[in-house]
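Each chain, letter by letter, is given below.
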Amino acid sequence: MRTPLPMLATAALLAAGCAGSGAPGPVAIDLGRDGCSHCRMAIVSTTTAAEIVAPGEEPHLFDDLGCLRDFVATASLASDAVVFVADHRTDAWTEARHAVFTKTPLQTPMGSGLIAHADAASRDQDVAAGGGEPVPNGSILR
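Here the structure is a predicted model, which means the values were calculated and not measured.

## Focus: the confidence of the model for the chain
Do not read the predicted coordinates in detail wherever pLDDT is low. Mean pLDDT over the chain works out to 89, with 85% of the residues at or above the 70 mark. The low-confidence segment residues 5-19 (pLDDT under 50) makes one contact with residues lying over four places distant or belonging to another chain.

If you want it as structure tokens, here you go:
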């Protein structure tokens, strides 16, 4: 007896989904529809966005790094939660624990002026970071 091909494909997809026990990755943000978990404003740009993801939990999304900072200061995060920030220059997600943060005069959604970059090289290539003040990672992620 042969197993029908659609059943094999479904079984393979289910097995692949259950096998992924690695660290969670960033989730897609639906700009203009998803709201910030701290201030509740609609997220309209990924250049200043951040998110906290943990297995089995709804992700927390943020429109401004100041919102992320304020949320983290009062929230209890799951031990396996991962914080991602968008590189201001490239829009690529990077783990916040490795990111470089800068306080700038740039108008961010909630006025914090905080931007993130994957590394110093990306920051140095971003004209928006020019003249900004470095911000220690620990003051954002506490």
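## Focus on the side chain of Asp-64
Its location among the elements puts Asp-64 in the loop between β2 (60-62) and α2 (65-74). Buried and unpaired, Asp-64 has Arg-69 as its nearest opposite-charge partner, separated by 6.6 Å. Polar side-chain contacts of Asp-64 include one of 2.7 Å to the side chain of Thr-108. Within the structure, the side chain of Asp-64 is placed 2.4 Å from the side chain of Ser-112, a separation counted as a polar contact. When neighbours within four sequence positions are excluded, Asp-64 is seen to be in contact with Thr-48, Thr-108, Pro-109, Met-110, Gly-111 and Ser-112.

## Re the sheet that holds strand β6 (residues 114-117)
One open sheet holds the three strands; their spatial order is β6-β5-β7, and the pairing between them is antiparallel. Strands at the two margins of the open sheet, each flanked by one partner only, are β6 and β7 (133-135). Neighbouring strand axes in the sheet, compared pairwise and without regard to direction, differ in orientation by 35 degrees on average. Bridge analysis of strand β5 (residues 100-103) against β7 gives three bridges, and the strand direction is antiparallel. In the sheet register, Thr-102 faces β7, and the bridge partner there is Pro-134. Sheet strands touched by α2: β5 and β6. Its angle to β6, the strand with the most contacts, is close to 95 degrees.

## Quick word on unusual backbone geometry
Positioned with a positive phi, Arg-40 is a non-glycine residue whose angle comes to about 70 degrees. Relative to the assigned elements, Arg-40 resides in the loop between α1 (5-19) and β1 (50-53). Arg-40 gets classed as exposed once you look at its relative accessible area, which sits at 64%. Here the phi dihedral of Asp-91 falls at roughly 70 degrees; this positive angle occurs in a residue that is not glycine. Checked against the element boundaries, Asp-91 lands in the loop between β3 (82-86) and β4 (93-95). Judged by its relative accessible area of 36%, Asp-91 falls in the partly exposed class.

Criteria and cut-off values
Residues numbered from 1 in each chain as written. Predicted model: local features only at pLDDT ≥ 70, side-chain atom pairs only at ≥ 80, totals over all residues. Heavy atoms only, no water. pLDDT = per-residue confidence, 0-100. Contact = heavy atoms within 4.5 Å. Helix = DSSP H or I, 4+ residues; strand = E, 2+ residues; numbered from the N terminus. Buried < 20%, exposed > 50% of the residue type's maximum accessible area, 1.4 Å probe, protein only. Lys, Arg positive; Asp, Glu negative; His and termini not counted. Salt bridge = Lys/Arg side-chain N within 4 Å of Asp/Glu carboxyl O. Polar contact = N/O pair within 3.5 Å; in protein donor to acceptor, adjacent residues only side chain to side chain. Pairing = 2+ DSSP bridges. Axes fitted to C-alpha atoms, helices over the stretch in contact; angles between N-to-C directions.

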